[in-house]
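Here's the letter readout for the chains.
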Amino acid sequence: MQILWDACLRRLEQELPAQQFNTWIRPLSPEGAAESDTLTLAAPNRFVLELVRERFATRIERLASEASGRDLGLRFVLARGADPGSRPAPSAARDSNEVPTVLERARLNRGFTFDSFVTGKANQLARAAAIQVAENPGISYNPLFIYGGVGLGKTHLLQAIGNHLAEQRAQARIRYIHAEQYVTDVVRAYQQRSFDDFKRYYHSLDLLLIDDIQFFSNKGRTQEEFFYAFNALVEAHKQIVITCDTYPKEITGMEERLISRFGWGLTVAIEPPELEMRVAIVLKKAEAESLTLSEEIAFFIAKHIRSNVRELEGALKKVLAYSRFTARELSLDLAKEALRDILNVANRQITVEGIQKTVAEYFKIRISDMHSKKRSRNVARPRQVAMALAKDLTQMSLPEIGEAFGNRDHTTVLHACRTIATLRKKDSVINRDYLVLEQVLKG
Amino acid sequence: MQQLPLAISPARAPTFGNFVEGANAEALLRVRELAEGRLRETVLYLWGEAGSGRSHLLRAASAATAPGRELVVADDVQALDEPAQIALFNAINLARESRGAVLAAGNAPPGQLPLREDLRSRLGWGLVYQLKALTDEDKARHLRAEAERRGLRLPDEVIRYLLSRLPRDLPSLNAALELLDRYSLSHQRHITLPLVRDALKADGR
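A short tour of the structure in this document, coming up. Because the structure is predicted, anything quoted here is derived from the model rather than measured.

## Here we look at the overall build of chain A
Alright, step 1. A tally of helices and strands in chain A yields 21 helices and eight strands.
Alright, step 2. Compactness check: chain A gives a C-alpha radius of gyration of 30 Å against a globular reference of 22 Å for 443 residues, more than 25% above the reference.
Alright, step 3. Projected onto its principal axes, the C-alpha coordinates of chain A cover approximately 85 × 70 × 45 Å.
Alright, step 4. Within chain A, the proportion of its 443 residues that are buried is 51%.
Alright, step 5. Within chain A, counting contacts between residues at least 6 apart in sequence, those at least 24 apart form 72% of the total.

Next up, the structure:
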């Protein structure tokens, strides 16, 4: 297979730009016996694997078949010794016959660990408390109440507690549940008259992790059931950890006796991450994909995506997907291109009024000149530019555009568009004006 | 006597194949991968102006979903009421737990949707694509191809006429083409500028 692959390599090296060849093709290595009817290629990590499969598989398959003179299949695998972190979690590909593991019974995602949780000023207190509870469940703080805005890592921390305990004590009865799901379970138990089973199950846990408790708001029956479960668990020194989007006293539609119980243990906040921490988070997420991301790119993403960790993650995914799609290596320019529509959303609604205003300001004329019948060059030309921009940047019909410019005929709009298109080819000043305006309008 | 056309213009079910991709090739590829279970990401969110092809892609994805695969599709998420928002929120959580997938679309990027904060941030968690408007050249190409599929001859001057008179979003242009197709059938005339003028006038445009 090595000989066959070498033949393919020579062809690919000629066909592809050197940078693409060196980045994506050269790291691949053939595996398997020479007489096999499948060419197996091992990629150093999942990112390269997916990119090659997406962009080059068809070509490689054809080259291999040509070189070998027979129909060859193509298969990609991860190289042995490739970063295990980039392999899919075992639970993802589970066999339906298998007995559910501790983690499956607990509904835990094994990726959420303390190790993969990026710490900074914003969350170090919450993390310390979580570790304390995971080490000594039922003894230190009960309940542990973690609150903070959306997408800041509450679920991660909650599940990390479960994963930690599952690792320490294989027999521990752990359950992670989202509050909304708990509400559904209560309703079902009510309909099926199976409250005894429901109670027995929840009251027998060693660790109950309940996410987004604000979903209990105004759900009287659920609150009552949870009140009993809470009391039973705390009395038996079993640990409860709760997350919420707000401080206990601020939760609306929650029974007073529950709110006061939420404050029995320790209440800690998670704050939004500052810039350095956001950079660290981006780097960590990239590492989980077994990628080394330059600090420069991580900084760019972190600087522009400020809202929450989820959107940081989404932005990173977008950059990686774009790199795969274009088969270009990760770079700052690539990241900027990939995130252009995320970063430019502020001014995304382009209206004809917005265009008229922006163009009028740019050429220092009055907005009313956009509608006037004046035909002097210093007014008419900007008006034509604005009409051309309206045609390019909106979906309005030309008659509608004409109407917006002082009830002009659509042929006037058409004429303006043609004039500007011709001028842009001949006159670099007009062309630049046009491009600048377009950029301003697109944000 | 006017001849009434039978409804014989082939129904045009939205598929990946008849999506006019323009500058949206990457978004199209990702939606297709999601439907077929080849994307590692579980949540995909598309946004764009009305007529940008959101619903087309969503319906194509529903039809192309691999057997046994669970794909939750939510269109116009900006208009979801509170219970529907919770349902979508749950669907996203479930998808992330167990390999299902969610494909959602709306008229604004996640951060600007008038929705619950926890849902908004979840929509921004996966891959997000803006569906970019087609250029007039893309639209002309589409009209030409669509006319050919219907067995119509559509002169370039007619295409130019349509693009300079009508709203230039794809649904409007498709509706116009449908109208011309029927009008030319019922009057047994080829499509020419005079026929287009008559047809649009008869339709009150």
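## Overview of the interface of chain A and chain B
Alright, step 1. Chain A puts 39 residues into the contact, and the matching count from chain B is 45 residues.
Alright, step 2. Both faces combined, the contact of chain A with chain B buries some 3500 Å², and carbon together with sulfur accounts for 50% of it.
Alright, step 3. The interface formed by chain A and chain B includes three salt bridges.
Alright, step 4. For the salt bridge of Glu41(B) with Lys317(A), the shortest nitrogen-to-oxygen distance reads 2.8 Å.
Alright, step 5. Inspection of the chain A/chain B interface yields 15 residue pairs in polar contact (both at pLDDT 80 or more).
Alright, step 6. The residue makeup of the side of chain A that touches chain B, split by class, is 15 nonpolar, nine polar and 15 charged.

## A closer look at the environment of Asp71(A)
Residue and element names in this part refer to chain A.
Alright, step 1. Here Asp71 shows up in the loop between helix H4 (57-68) and strand S3 (73-78).
Alright, step 2. Along the backbone, Asp71 and Glu250 are 179 residues apart, and their C-alpha atoms lie at a distance of 67 Å.
Alright, step 3. When near neighbours in sequence (up to four residues on either side) are disregarded, Asp71 contacts Asp37 and Ser65.

## Describing helix H2 (residues 54-64) of chain B
Alright, step 1. When H2(B) is considered as a whole, its buried residues turn out to be Arg54(B), His56(B), Leu57(B), Leu58(B), Ala60(B) and Ala61(B).
Alright, step 2. Buried positions along H2(B) lie against helix H1 (25-36), strand S1 (43-47), strand S2 (71-74) and strand S3 (101-106) of chain B.

## Some remarks on the side chain of Glu33(B)
Alright, step 1. Considering the arrangement of structural elements, one finds Glu33(B) in helix H1.
Alright, step 2. When its relative accessible area of 5% is taken as the criterion, Glu33(B) is described as buried.
Alright, step 3. Not counting residues up to four positions away in its chain, the partners in contact with Glu33(B) are Glu54(A), Arg38(B) and Leu39(B).

## Let's talk about the side chain of Ser372(A)
Residue and element names in this part refer to chain A.
Alright, step 1. With respect to the helices and strands, the residue Ser372 is situated in the loop between helix H17 (352-362) and helix H18 (377-393).
Alright, step 2. Looking at Ser372, the relative accessible area reads 17%, which means it is buried.
Alright, step 3. Sequence-distant contacts of Ser372, that is, excluding residues within four places in its chain, are made with Arg383 and Arg408.

## Overview of the packing of aromatic side chains
Alright, step 1. Per the stated rule, a full pass over the model turns up 17 aromatic pairs over all chains.
Alright, step 2. Arranged with centres 5.4 Å apart and planes meeting at 35°, the rings of Tyr182(A) and Phe216(A) form a pair that is tilted. You can see Tyr182(A) sitting in helix H8 (residues 179-191) and its partner Phe216(A) sitting in the loop between strand S6 (207-211) and helix H10 (220-235), a full 34 residues away along the chain.
Alright, step 3. Centroid distance Tyr201(A) to Tyr202(A): 5.0 Å. Interplanar angle 80°. Geometry classified as edge-to-face.
Alright, step 4. Arg257(A) extends its terminal NZ or CZ atom over the ring of Phe227(A), reaching a point 3.8 Å from the ring centre.
Alright, step 5. The aromatic ring of Trp125(B) is capped on one face by Arg310(A), whose charged end is 4.6 Å from the ring centroid.

What counts and what doesn't
- Residues numbered from 1 in each chain as written.
- Chains lettered and ligands numbered in written order.
- Predicted model: local features only at pLDDT ≥ 70, side-chain atom pairs only at ≥ 80, totals over all residues.
- Heavy atoms only, no water.
- Helix = DSSP H or I, 4+ residues; strand = E, 2+ residues; numbered from the N terminus.
- Rg over C-alpha atoms; globule rule 2.2 N^0.38 Å.
- Buried < 20%, exposed > 50% of the residue type's maximum accessible area, 1.4 Å probe, protein only.
- Contact = heavy atoms within 4.5 Å.
- Buried area = accessible area lost by both parts, 1.4 Å probe.
- Salt bridge = Lys/Arg side-chain N within 4 Å of Asp/Glu carboxyl O.
- Polar contact = N/O pair within 3.5 Å; in protein donor to acceptor, adjacent residues only side chain to side chain.
- Nonpolar A, V, L, I, M, F, W, Y, C, P; charged D, E, K, R; others polar.
- Phe/Tyr/Trp six-rings, centres within 6.5 Å; stacked < 30°, edge-to-face > 60°.
- Lys NZ or Arg CZ within 6 Å of the ring centre and 35° of its normal.

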